[in-house]
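Letter by letter, the chains look like this.
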Amino acid sequence: MSGALSKSDTTALVKEYALELGFDLVRITSAAEFGPDRAAALKRIQDGLMDGLPWYNAGRVCRGSRPQELLPGARSVICLGLNYYPEPSEASDYPDTSPAEPALSGKIARYAQGRDYHRVIKRRMRAYVAGLSQRLNKDLAARWYVDDGPMLDRAAAARAGLGWFGKNTNILTSELGSWVFLGQVVTDLTLEPDISSKKTCGSCVRCIDACPTGALVAPYVIDNSRCISHLTIENRGAIPKELRPLMLDWVFGCDICQEVCPVNRKAQPTAEPSFGKRGLEVVDLAELLELSEEGFRARFQGTPILRAKRVGLQRNACVALGNLKKTAAVPVLTQALRQGEPLVRSHAAWALGEIGGRTAQAALEQATQLENDPEVLAEIQDALAGLRQAPPTF
(Lines give C-alpha, C1' and ligand atoms only; values in the text may rest on other atoms or scores of the structure.)
Protein backbone atom coordinates (compact mmCIF):
# COMPACT_ATOMS: atom_id res chain seq x y z
CA MET A 1 0.00 0.00 0.00
CA SER A 2 1.27 3.46 -0.81
CA GLY A 3 0.62 4.73 2.71
CA ALA A 4 2.99 2.15 4.14
CA LEU A 5 5.88 3.20 1.95
CA SER A 6 8.32 5.93 2.88
CA LYS A 7 9.64 8.34 0.27
CA SER A 8 12.83 6.32 0.17
CA ASP A 9 10.98 3.04 -0.35
CA THR A 10 8.76 4.57 -3.03
CA THR A 11 11.82 5.89 -4.83
CA ALA A 12 13.45 2.48 -4.72
CA LEU A 13 10.29 0.84 -6.10
CA VAL A 14 10.10 3.39 -8.91
CA LYS A 15 13.67 2.65 -9.95
CA GLU A 16 13.49 -1.12 -9.57
CA TYR A 17 10.33 -1.33 -11.65
CA ALA A 18 11.87 0.76 -14.46
CA LEU A 19 14.78 -1.68 -14.68
CA GLU A 20 12.38 -4.62 -14.48
CA LEU A 21 10.53 -3.31 -17.54
CA GLY A 22 13.76 -3.12 -19.53
CA PHE A 23 14.91 0.46 -19.17
CA ASP A 24 18.68 0.55 -18.85
CA LEU A 25 19.00 3.73 -16.78
CA VAL A 26 16.72 5.53 -14.33
CA ARG A 27 17.35 8.66 -12.28
CA ILE A 28 15.07 11.21 -10.62
CA THR A 29 14.98 14.97 -10.37
CA SER A 30 12.52 17.41 -8.88
CA ALA A 31 9.77 19.16 -10.81
CA ALA A 32 11.41 22.55 -10.27
CA GLU A 33 11.83 24.79 -13.30
CA PHE A 34 14.84 24.39 -15.58
CA GLY A 35 15.72 28.07 -15.49
CA PRO A 36 19.34 28.09 -16.76
CA ASP A 37 18.53 25.57 -19.48
CA ARG A 38 15.56 27.67 -20.59
CA ALA A 39 17.79 30.73 -20.86
CA ALA A 40 20.38 28.80 -22.89
CA ALA A 41 17.75 27.41 -25.26
CA LEU A 42 16.15 30.82 -25.79
CA LYS A 43 19.56 32.31 -26.59
CA ARG A 44 20.18 29.59 -29.19
CA ILE A 45 16.89 30.52 -30.86
CA GLN A 46 17.74 34.23 -30.69
CA ASP A 47 21.18 33.59 -32.20
CA GLY A 48 19.66 31.71 -35.14
CA LEU A 49 21.23 28.39 -34.20
CA MET A 50 17.86 26.61 -34.38
CA ASP A 51 16.94 27.96 -37.81
CA GLY A 52 15.06 25.42 -39.90
CA LEU A 53 13.00 24.14 -36.97
CA PRO A 54 9.99 26.48 -36.84
CA TRP A 55 8.30 24.28 -34.24
CA TYR A 56 11.21 24.79 -31.84
CA ASN A 57 10.15 28.23 -30.63
CA ALA A 58 10.26 30.28 -27.47
CA GLY A 59 6.79 29.18 -26.38
CA ARG A 60 7.71 25.53 -26.63
CA VAL A 61 10.95 26.04 -24.72
CA CYS A 62 9.27 27.96 -21.90
CA ARG A 63 6.54 25.36 -21.54
CA GLY A 64 9.02 22.50 -21.59
CA SER A 65 11.15 24.11 -18.91
CA ARG A 66 8.27 24.15 -16.41
CA PRO A 67 7.17 20.65 -15.39
CA GLN A 68 4.37 22.21 -13.32
CA GLU A 69 2.92 23.62 -16.53
CA LEU A 70 3.09 20.23 -18.22
CA LEU A 71 1.44 18.54 -15.23
CA PRO A 72 -0.20 20.69 -12.55
CA GLY A 73 0.79 19.29 -9.19
CA ALA A 74 3.98 17.72 -10.52
CA ARG A 75 6.57 16.90 -7.85
CA SER A 76 9.12 14.71 -9.60
CA VAL A 77 10.53 13.85 -13.01
CA ILE A 78 11.60 10.25 -13.59
CA CYS A 79 14.34 10.23 -16.23
CA LEU A 80 14.72 7.02 -18.20
CA GLY A 81 17.39 5.80 -20.59
CA LEU A 82 17.22 2.99 -23.13
CA ASN A 83 20.34 1.72 -24.89
CA TYR A 84 20.06 1.55 -28.68
CA TYR A 85 23.61 0.59 -29.69
CA PRO A 86 23.29 -2.24 -32.24
CA GLU A 87 25.33 -5.41 -32.23
CA PRO A 88 28.64 -4.56 -33.92
CA SER A 89 29.42 -6.17 -37.25
CA GLU A 90 31.96 -9.00 -37.26
CA ALA A 91 33.99 -7.06 -39.80
CA SER A 92 34.39 -3.94 -37.66
CA ASP A 93 32.61 -1.69 -35.22
CA TYR A 94 30.79 0.29 -37.93
CA PRO A 95 32.22 -0.72 -41.27
CA ASP A 96 32.53 1.69 -44.15
CA THR A 97 33.30 -1.12 -46.56
CA SER A 98 32.73 -4.86 -46.49
CA PRO A 99 32.13 -7.59 -49.06
CA ALA A 100 28.40 -7.50 -48.35
CA GLU A 101 27.98 -3.80 -49.05
CA PRO A 102 26.48 -2.54 -52.30
CA ALA A 103 28.86 -0.84 -54.69
CA LEU A 104 27.11 2.49 -54.12
CA SER A 105 26.30 2.64 -50.45
CA GLY A 106 25.26 5.30 -47.96
CA LYS A 107 25.09 5.41 -44.18
CA ILE A 108 22.16 5.51 -41.79
CA ALA A 109 22.59 6.79 -38.22
CA ARG A 110 22.52 3.98 -35.68
CA TYR A 111 19.41 5.22 -33.90
CA ALA A 112 17.38 4.82 -37.10
CA GLN A 113 18.50 1.28 -37.88
CA GLY A 114 15.81 -0.26 -35.69
CA ARG A 115 12.13 0.38 -35.13
CA ASP A 116 10.84 3.88 -34.44
CA TYR A 117 11.96 4.53 -30.87
CA HIS A 118 9.09 6.93 -30.15
CA ARG A 119 6.59 4.09 -30.37
CA VAL A 120 8.78 1.60 -28.50
CA ILE A 121 9.56 3.91 -25.58
CA LYS A 122 6.12 5.50 -25.25
CA ARG A 123 4.49 2.09 -25.18
CA ARG A 124 6.85 1.03 -22.42
CA MET A 125 6.39 4.25 -20.46
CA ARG A 126 2.62 3.83 -20.64
CA ALA A 127 2.99 0.32 -19.20
CA TYR A 128 5.41 1.66 -16.61
CA VAL A 129 2.98 4.29 -15.29
CA ALA A 130 0.12 1.79 -15.23
CA GLY A 131 2.26 -0.75 -13.39
CA LEU A 132 3.43 1.81 -10.85
CA SER A 133 -0.17 2.75 -10.12
CA GLN A 134 -0.94 -0.88 -9.37
CA ARG A 135 2.14 -1.45 -7.23
CA LEU A 136 1.56 1.72 -5.24
CA ASN A 137 -2.20 1.13 -5.12
CA LYS A 138 -2.97 4.67 -6.20
CA ASP A 139 -3.85 6.54 -9.36
CA LEU A 140 -0.79 8.46 -10.46
CA ALA A 141 -1.01 11.77 -12.20
CA ALA A 142 1.64 11.49 -14.90
CA ARG A 143 2.66 12.66 -18.35
CA TRP A 144 5.48 11.10 -20.33
CA TYR A 145 7.68 12.39 -23.11
CA VAL A 146 10.35 11.32 -25.54
CA ASP A 147 12.09 13.90 -27.75
CA ASP A 148 8.99 14.85 -29.72
CA GLY A 149 7.36 16.65 -26.78
CA PRO A 150 8.14 20.04 -25.24
CA MET A 151 10.04 18.63 -22.24
CA LEU A 152 13.68 19.74 -22.06
CA ASP A 153 14.81 16.13 -22.04
CA ARG A 154 18.57 16.60 -21.87
CA ALA A 155 18.22 19.24 -19.16
CA ALA A 156 16.18 16.80 -17.07
CA ALA A 157 18.64 13.96 -17.68
CA ALA A 158 21.60 16.12 -16.68
CA ARG A 159 19.98 17.46 -13.51
CA ALA A 160 18.92 13.95 -12.52
CA GLY A 161 22.47 12.67 -12.88
CA LEU A 162 21.58 10.23 -15.63
CA GLY A 163 24.46 11.74 -17.57
CA TRP A 164 26.19 15.01 -18.36
CA PHE A 165 26.22 17.35 -21.33
CA GLY A 166 28.92 16.50 -23.83
CA LYS A 167 30.53 19.13 -25.99
CA ASN A 168 28.63 17.61 -28.92
CA THR A 169 25.41 18.59 -27.01
CA ASN A 170 24.47 14.93 -26.41
CA ILE A 171 23.97 13.47 -22.96
CA LEU A 172 26.91 11.22 -22.08
CA THR A 173 26.31 8.44 -19.58
CA SER A 174 28.96 6.66 -17.55
CA GLU A 175 27.42 3.27 -18.23
CA LEU A 176 26.51 3.37 -21.92
CA GLY A 177 28.03 6.46 -23.45
CA SER A 178 25.69 8.53 -25.59
CA TRP A 179 23.92 5.69 -27.45
CA VAL A 180 20.86 6.19 -25.24
CA PHE A 181 17.29 7.26 -25.94
CA LEU A 182 15.90 9.57 -23.26
CA GLY A 183 12.40 9.54 -21.80
CA GLN A 184 10.81 11.45 -18.94
CA VAL A 185 7.80 10.74 -16.74
CA VAL A 186 6.50 13.84 -14.99
CA THR A 187 4.53 12.70 -11.95
CA ASP A 188 2.87 13.87 -8.74
CA LEU A 189 4.86 11.31 -6.72
CA THR A 190 7.16 12.77 -4.09
CA LEU A 191 10.49 11.05 -4.70
CA GLU A 192 14.08 11.47 -3.61
CA PRO A 193 16.03 13.33 -6.29
CA ASP A 194 19.40 12.12 -7.47
CA ILE A 195 22.52 14.26 -7.55
CA SER A 196 23.75 15.73 -10.83
CA SER A 197 26.93 14.25 -12.27
CA LYS A 198 30.14 16.16 -11.72
CA LYS A 199 31.74 14.60 -14.80
CA THR A 200 32.72 16.73 -17.78
CA CYS A 201 34.46 16.31 -21.12
CA GLY A 202 37.53 18.00 -19.72
CA SER A 203 39.80 19.33 -22.44
CA CYS A 204 38.62 16.83 -25.08
CA VAL A 205 37.39 18.42 -28.32
CA ARG A 206 37.40 15.37 -30.60
CA CYS A 207 33.75 15.82 -31.56
CA ILE A 208 34.31 19.46 -32.51
CA ASP A 209 37.36 18.64 -34.61
CA ALA A 210 35.64 15.71 -36.33
CA CYS A 211 32.41 17.43 -37.40
CA PRO A 212 32.81 17.75 -41.18
CA THR A 213 30.38 20.64 -41.61
CA GLY A 214 31.57 22.68 -38.62
CA ALA A 215 28.16 22.42 -36.98
CA LEU A 216 29.74 22.35 -33.51
CA VAL A 217 30.62 26.02 -33.48
CA ALA A 218 31.82 25.94 -29.86
CA PRO A 219 31.81 23.51 -26.94
CA TYR A 220 28.18 22.65 -26.10
CA VAL A 221 26.89 24.79 -28.98
CA ILE A 222 25.56 23.40 -32.27
CA ASP A 223 24.45 25.33 -35.33
CA ASN A 224 21.43 23.29 -36.37
CA SER A 225 21.49 24.60 -39.95
CA ARG A 226 24.92 23.01 -40.54
CA CYS A 227 24.25 19.69 -38.81
CA ILE A 228 24.12 16.67 -41.16
CA SER A 229 21.26 15.21 -39.13
CA HIS A 230 19.16 18.31 -39.73
CA LEU A 231 20.16 18.61 -43.37
CA THR A 232 19.20 15.00 -44.14
CA ILE A 233 16.02 14.78 -42.05
CA GLU A 234 14.28 17.98 -40.99
CA ASN A 235 15.36 20.11 -43.94
CA ARG A 236 12.72 19.86 -46.68
CA GLY A 237 14.38 22.06 -49.28
CA ALA A 238 17.63 22.17 -51.18
CA ILE A 239 20.81 21.43 -49.27
CA PRO A 240 23.15 24.43 -49.44
CA LYS A 241 25.79 23.81 -52.10
CA GLU A 242 28.68 24.68 -49.85
CA LEU A 243 27.65 21.97 -47.38
CA ARG A 244 26.98 19.14 -49.85
CA PRO A 245 30.62 18.08 -50.29
CA LEU A 246 31.03 17.98 -46.51
CA MET A 247 28.17 15.54 -45.89
CA LEU A 248 30.15 12.50 -47.06
CA ASP A 249 27.90 9.46 -47.61
CA TRP A 250 25.33 10.04 -44.86
CA VAL A 251 21.75 9.76 -46.11
CA PHE A 252 19.84 9.82 -42.80
CA GLY A 253 21.34 11.38 -39.72
CA CYS A 254 25.00 11.28 -38.67
CA ASP A 255 26.99 9.53 -35.93
CA ILE A 256 30.42 11.13 -36.36
CA CYS A 257 30.45 13.20 -33.17
CA GLN A 258 29.44 10.11 -31.20
CA GLU A 259 31.80 7.72 -32.97
CA VAL A 260 34.85 9.76 -32.02
CA CYS A 261 33.76 10.31 -28.39
CA PRO A 262 36.05 8.45 -25.95
CA VAL A 263 33.14 7.91 -23.55
CA ASN A 264 31.52 5.67 -26.16
CA ARG A 265 34.29 3.10 -25.81
CA LYS A 266 32.02 1.71 -23.09
CA ALA A 267 29.20 1.07 -25.54
CA GLN A 268 27.46 -2.26 -25.11
CA PRO A 269 25.00 -3.87 -27.55
CA THR A 270 21.37 -3.20 -26.69
CA ALA A 271 19.22 -5.96 -25.25
CA GLU A 272 16.13 -4.43 -26.88
CA PRO A 273 15.20 -6.49 -29.97
CA SER A 274 13.36 -3.52 -31.52
CA PHE A 275 16.69 -1.74 -31.92
CA GLY A 276 18.60 -4.69 -33.33
CA LYS A 277 20.02 -4.60 -36.82
CA ARG A 278 17.58 -4.75 -39.73
CA GLY A 279 20.00 -4.57 -42.63
CA LEU A 280 20.16 -0.77 -42.43
CA GLU A 281 23.79 -0.27 -41.44
CA VAL A 282 24.28 0.82 -45.04
CA VAL A 283 21.79 1.25 -47.87
CA ASP A 284 22.03 0.89 -51.63
CA LEU A 285 21.93 4.43 -53.00
CA ALA A 286 20.93 3.31 -56.49
CA GLU A 287 18.02 1.39 -54.98
CA LEU A 288 16.91 4.48 -53.05
CA LEU A 289 16.74 6.54 -56.22
CA GLU A 290 14.57 3.93 -57.91
CA LEU A 291 12.02 3.58 -55.09
CA SER A 292 8.39 4.47 -55.72
CA GLU A 293 6.33 6.01 -52.92
CA GLU A 294 4.85 2.59 -52.17
CA GLY A 295 8.28 0.98 -52.29
CA PHE A 296 9.71 3.60 -49.94
CA ARG A 297 6.99 3.01 -47.36
CA ALA A 298 7.31 -0.76 -47.61
CA ARG A 299 11.12 -0.64 -47.35
CA PHE A 300 11.24 1.59 -44.27
CA GLN A 301 7.93 0.86 -42.57
CA GLY A 302 8.14 1.21 -38.79
CA THR A 303 11.52 3.00 -38.82
CA PRO A 304 12.42 6.66 -38.16
CA ILE A 305 13.58 6.92 -41.79
CA LEU A 306 10.02 7.64 -42.92
CA ARG A 307 10.46 11.07 -41.37
CA ALA A 308 12.76 12.18 -44.18
CA LYS A 309 10.08 11.41 -46.81
CA ARG A 310 10.93 9.66 -50.07
CA VAL A 311 11.91 12.84 -51.89
CA GLY A 312 14.17 13.93 -49.05
CA LEU A 313 15.90 10.56 -48.89
CA GLN A 314 16.43 10.54 -52.66
CA ARG A 315 17.84 14.08 -52.48
CA ASN A 316 20.27 12.81 -49.82
CA ALA A 317 21.18 9.81 -51.97
CA CYS A 318 22.13 12.14 -54.82
CA VAL A 319 24.44 14.12 -52.54
CA ALA A 320 26.07 10.94 -51.25
CA LEU A 321 26.60 9.68 -54.81
CA GLY A 322 28.16 12.99 -55.78
CA ASN A 323 30.56 12.70 -52.86
CA LEU A 324 31.45 9.09 -53.70
CA LYS A 325 32.40 10.25 -57.22
CA LYS A 326 31.98 6.80 -58.75
CA THR A 327 31.21 6.62 -62.46
CA ALA A 328 28.95 3.64 -61.77
CA ALA A 329 26.44 6.14 -60.35
CA VAL A 330 26.05 8.08 -63.60
CA PRO A 331 23.24 5.94 -65.11
CA VAL A 332 21.01 6.04 -62.02
CA LEU A 333 21.65 9.77 -61.56
CA THR A 334 20.82 10.36 -65.21
CA GLN A 335 17.53 8.57 -64.70
CA ALA A 336 16.82 10.67 -61.60
CA LEU A 337 17.64 13.82 -63.57
CA ARG A 338 14.97 12.86 -66.10
CA GLN A 339 12.24 11.38 -63.92
CA GLY A 340 12.64 12.58 -60.34
CA GLU A 341 10.84 15.38 -58.55
CA PRO A 342 12.40 18.86 -58.97
CA LEU A 343 14.28 18.62 -55.66
CA VAL A 344 15.76 15.28 -56.68
CA ARG A 345 16.56 16.46 -60.21
CA SER A 346 18.47 19.48 -58.94
CA HIS A 347 20.64 17.40 -56.61
CA ALA A 348 21.13 14.73 -59.29
CA ALA A 349 22.48 17.46 -61.56
CA TRP A 350 24.91 18.57 -58.86
CA ALA A 351 26.06 14.98 -58.30
CA LEU A 352 26.69 14.43 -62.03
CA GLY A 353 28.78 17.58 -62.04
CA GLU A 354 30.81 16.26 -59.11
CA ILE A 355 31.43 12.91 -60.80
CA GLY A 356 32.22 14.41 -64.19
CA GLY A 357 33.20 12.65 -67.38
CA ARG A 358 31.78 12.67 -70.89
CA THR A 359 28.73 10.57 -70.06
CA ALA A 360 27.73 12.77 -67.13
CA GLN A 361 28.30 15.92 -69.19
CA ALA A 362 26.19 14.57 -72.05
CA ALA A 363 23.34 13.79 -69.64
CA LEU A 364 23.46 17.32 -68.26
CA GLU A 365 23.56 18.90 -71.71
CA GLN A 366 20.57 16.86 -72.83
CA ALA A 367 18.71 17.90 -69.66
CA THR A 368 19.10 21.56 -70.55
CA GLN A 369 16.86 20.91 -73.55
CA LEU A 370 14.20 19.10 -71.52
CA GLU A 371 14.13 20.86 -68.17
CA ASN A 372 11.54 23.61 -67.54
CA ASP A 373 11.98 24.18 -63.81
CA PRO A 374 14.16 27.31 -63.40
CA GLU A 375 15.80 26.16 -60.18
CA VAL A 376 16.69 22.76 -61.61
CA LEU A 377 17.93 24.38 -64.79
CA ALA A 378 20.20 26.65 -62.77
CA GLU A 379 21.69 23.59 -61.02
CA ILE A 380 22.28 21.93 -64.38
CA GLN A 381 23.99 24.98 -65.80
CA ASP A 382 26.18 25.35 -62.70
CA ALA A 383 27.22 21.71 -62.98
CA LEU A 384 28.04 22.11 -66.67
CA ALA A 385 30.03 25.27 -66.00
CA GLY A 386 32.16 23.37 -63.52
CA LEU A 387 32.71 20.50 -65.93
CA ARG A 388 33.69 22.78 -68.80
CA GLN A 389 36.40 24.30 -66.65
CA ALA A 390 37.83 20.80 -66.14
CA PRO A 391 37.59 18.87 -69.46
CA PRO A 392 36.30 15.30 -69.11
CA THR A 393 38.80 12.48 -69.30
CA PHE A 394 36.46 9.56 -70.09
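Just above sits the structure.
Residues numbered from 1 in each chain as written. Predicted model: local features only at pLDDT ≥ 70, side-chain atom pairs only at ≥ 80, totals over all residues. Heavy atoms only, no water.

A. View of a positive patch on the surface. Residues Arg 115, Arg 119, Arg 123 and Arg 126 make up a contiguous surface patch of positive charge. Structurally, Arg 126 is set in helix H5 (residues 117-136). Overall, Arg 126 belongs to the partly exposed group, its relative accessible area being 47%. (Patch = residues over 30% accessible without salt bridge, like charges linked within 9 Å, V, L, I, M, F, W, Y side chains within 5 Å. Areas by Shrake-Rupley, 256 points an atom, 1.4 Å probe, with all protein chains shown as cover. Salt bridge = Lys/Arg side-chain N within 4 Å of Asp/Glu carboxyl O. Lys, Arg positive; Asp, Glu negative; His and termini not counted. Charge placed at Lys NZ, Arg CZ, Asp CG, Glu CD. Helix = DSSP H or I, 4+ residues; strand = E, 2+ residues; numbered from the N terminus. Buried < 20%, exposed > 50% of the residue type's maximum accessible area, 1.4 Å probe, protein only.)

B. Focus on the nonpolar core. Core analysis: the largest hydrophobic core is formed by 85 residues, its most contacted members being Ile 78, Tyr 128 and Leu 333. Among the elements that make up this core, the one with the highest residue count is H5 (eight residues). In contact with Leu 333, not counting residues within four places along its chain, are Leu 289, Cys 318, Leu 321, Ala 348, Ala 351, Leu 352 and Ile 355. Among the nonpolar cores identified, the runner-up in size contains 22 residues, and Phe 34, Leu 152, Ala 155 and Ala 156 belong to it. (Core = buried A, V, L, I, M, F, W, Y, C linked by side-chain atoms within 4.5 Å. Contact = heavy atoms within 4.5 Å.)

C. The arrangement of the state of the cysteines in detail. Taken as a whole, this structure holds zero disulfides when the rule is applied. No disulfide involves Cys 62; its sulfur sits 20 Å from that of Cys 79, the nearest cysteine. Cysteine Cys 207 is unpaired, with the sulfur of Cys 257 as its nearest cysteine sulfur at 6.3 Å. Assessed through its relative accessible area of 9%, Cys 207 is described here as buried. (Disulfide = S-S within 2.5 Å.)

D. Just the sheet that holds strand S7 (residues 180-187), in detail. Reading across the sheet, the four strands line up as S1-S2-S7-S4 and stay open at both edges, with antiparallel pairing between neighbours. Edge positions in the sheet fall to strand S1 (25-30) and strand S4 (142-145), since each has one partner strand and no second. Averaged over all neighbouring strand pairs, the angle between strand axes comes to 20°, with direction disregarded. Pairing between S4 and S7: four bridges, direction antiparallel. Bridge pairing links Trp 144 to Val 185 in S7. Packed on one face of the sheet, helix H1 (residues 7-20) meets S1 and strand S2 (76-83) and runs near 145° to S1. (Pairing = 2+ DSSP bridges. Axes fitted to C-alpha atoms, helices over the stretch in contact; angles between N-to-C directions.)

E. Geometry of the side chain of Asn 168. In this structure, Asn 168 sits in the loop between strand S5 (164-165) and strand S6 (171-172). Residue classification places Asn 168 among the buried residues on the basis of a relative accessible area of 3%.

F. View of the environment of Ser 174. Residue placement: Ser 174 occurs in the loop between S6 and S7. Judged by its relative accessible area of 25%, Ser 174 falls in the partly exposed class. Expressed as a C-alpha distance, the spacing of Ser 174 and Lys 199, which sit 25 residues apart in the sequence, is 8.9 Å. Not counting chain neighbours up to four residues away, the residues in contact with Ser 174 comprise Trp 164, Lys 199 and Lys 266. A polar contact of 2.8 Å, which involves the side chain of Ser 174, links it to the side chain of Lys 199. (Polar contact = N/O pair within 3.5 Å; in protein donor to acceptor, adjacent residues only side chain to side chain.)

G. Structural view of the packing of aromatic side chains. Under the criterion given, the structure shown has eleven aromatic pairs. Considering the side-chain rings of Tyr 85 and Trp 179, the 5.4 Å spacing of their centres and the 50° angle between planes classify their relative orientation as tilted. Taken together, the positions of Tyr 85 in the loop between S2 and strand S3 (105-108) and Trp 179 in the loop between S6 and S7 put the pair 94 residues apart, joining distant regions of the chain. Given the relative accessible area of 6%, Tyr 85 is considered buried. Ring centres of Tyr 117 and Phe 181 lie 4.2 Å apart, and the angle between their planes is 10°; on these two criteria the pair is classed as stacked. In this pair, Tyr 117 sits in helix H5 while Phe 181 sits in strand S7, placing the two residues 64 residues apart along the sequence. The exposure classification of Tyr 117 matches that of Phe 181, with both residues buried. An aromatic cluster of three or more residues is present, and its members are Tyr 84, Tyr 85, Tyr 111, Tyr 117, Trp 179, Phe 181, Phe 252 and Phe 275. When the ring centre of Trp 179 is taken as origin, the NZ or CZ atom of Arg 110, which lies over that ring, is 4.5 Å away. Here Arg 124 stacks its cationic end above the ring of Phe 23, 5.8 Å away from the centre of that ring. (Phe/Tyr/Trp six-rings, centres within 6.5 Å; stacked < 30°, edge-to-face > 60°. Lys NZ or Arg CZ within 6 Å of the ring centre and 35° of its normal.)

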